[in-house]
Amino acid sequence: MDKHDRVMGIFLDECKEILSETAPKLLDLEENPNDKEVVNDIFRAIHTLKGNANSFGFTKLGDFVHYFEDLLSVYRKEDAFLQESESDLFIRAFDIVENVFAFEEQDLEGYPQNYDLILNEIKEALQLEASPQTSN
């Protein structure tokens, strides 16, 4: 095994560890949707995945988690409150992250089912957050 293979193995193991440690946090978030510590933990995990994925050429994963990270950053703010639908979006987005990682790891062509759907939902949520709020 050459140096590249060893480094790639470390990267893959680290990604798997991040994914396995993050999954229960999403369930915690579902039960306590405004626990900023949990949101921050998930954000840091996704941020690490983004950096690692981009460093190792896992561009499908890097592209998706970039938007997921942006959405998570919105809810890290003290005054942001997570709704049930947004918590559900986080869980569905994380499922895509796990599936995209598996596609990348196995060097599969294409994207997992619902990739575009969830990515578009994230982008729409980001646009809603960026839109000026009007009062009635």
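Below is a short write-up of the structure. (Residues numbered from 1 in each chain as written. Predicted model: local features only at pLDDT ≥ 70, side-chain atom pairs only at ≥ 80, totals over all residues. Heavy atoms only, no water.)

### Brief notes about the nonpolar core
No. 1: Counting 42 residues, the largest nonpolar core has Phe64, Phe68, Phe90 and Ile122 as the members making the most contacts within it.
No. 2: Elements represented by at least two residues in this core include exactly helix H1 (3-31), helix H2 (36-55), helix H3 (59-74), helix H4 (84-105) and helix H5 (115-130).
No. 3: The dominant element in this core, judged by the number of residues it contributes, is H4, at nine residues. (Core = buried A, V, L, I, M, F, W, Y, C linked by side-chain atoms within 4.5 Å. Buried < 20%, exposed > 50% of the residue type's maximum accessible area, 1.4 Å probe, protein only. Helix = DSSP H or I, 4+ residues; strand = E, 2+ residues; numbered from the N terminus.)

### What about unusual backbone geometry?
No. 1: Residues other than glycine seldom take positive phi values, yet Asp107 does so here, at roughly 55 degrees.
No. 2: Looking at the secondary structure, you find Asp107 in the loop between H4 and H5.
No. 3: A residue is classified by how much of its surface remains accessible, and Asp107, at 65% relative accessible area, is exposed.
No. 4: One non-glycine residue, Asn114, lies in the positive phi region at around 75 degrees.

### Here's the deal with the packing of aromatic side chains
No. 1: Applying the stated rule across the entire model yields seven aromatic pairs.
No. 2: Summarising the aromatic geometry, the rings of Phe64 and Tyr115 are spaced 5.3 Å apart at their centres and angled 45 degrees between planes, so their arrangement reads as tilted. Remark: Tyr115 occurs in helix H5 and Phe64 occurs in helix H3; sequence separation between them is 51 residues.
No. 3: Owing to a relative accessible area of 0%, Phe64 belongs among the buried residues under this scheme.
No. 4: Residue class for Tyr115 comes out buried when judged on its relative accessible area of 6%.
No. 5: Between Tyr111 and Tyr115, the ring centres sit 4.5 Å apart and the planes meet at 40 degrees, which makes this aromatic pair tilted.
No. 6: Taking the ring centre of Tyr111 as reference, the NZ or CZ of Lys60 above it sits at 5.2 Å.
No. 7: The ring centre of Tyr67 lies 4.8 Å from the NZ or CZ of Lys123, which sits over that ring. (Phe/Tyr/Trp six-rings, centres within 6.5 Å; stacked < 30°, edge-to-face > 60°. Lys NZ or Arg CZ within 6 Å of the ring centre and 35° of its normal.)

### A few points about the pattern of salt bridges
No. 1: One pass over the structure, following the stated rule, counts six salt bridges.
No. 2: With its nearest N and O atoms 2.8 Å apart, the salt bridge here joins Glu105 to Lys16. In this pair, Glu105 sits in helix H4 while Lys16 sits in helix H1, placing the two residues 89 residues apart along the sequence.
No. 3: Among the ionic pairs, Arg92 bridges to Asp88, the shortest N-O distance being 2.9 Å. Within this pair, Arg92 and its partner Asp88 are both found in helix H4, separated by four residues, close to a single helical turn.
No. 4: Taking relative accessible area as the criterion, Asp88 reaches 35% and is therefore assigned partly exposed.
No. 5: Several salt bridges converge on common partners, so that one network encompasses Lys25, Asp41 and Arg44. (Salt bridge = Lys/Arg side-chain N within 4 Å of Asp/Glu carboxyl O.)

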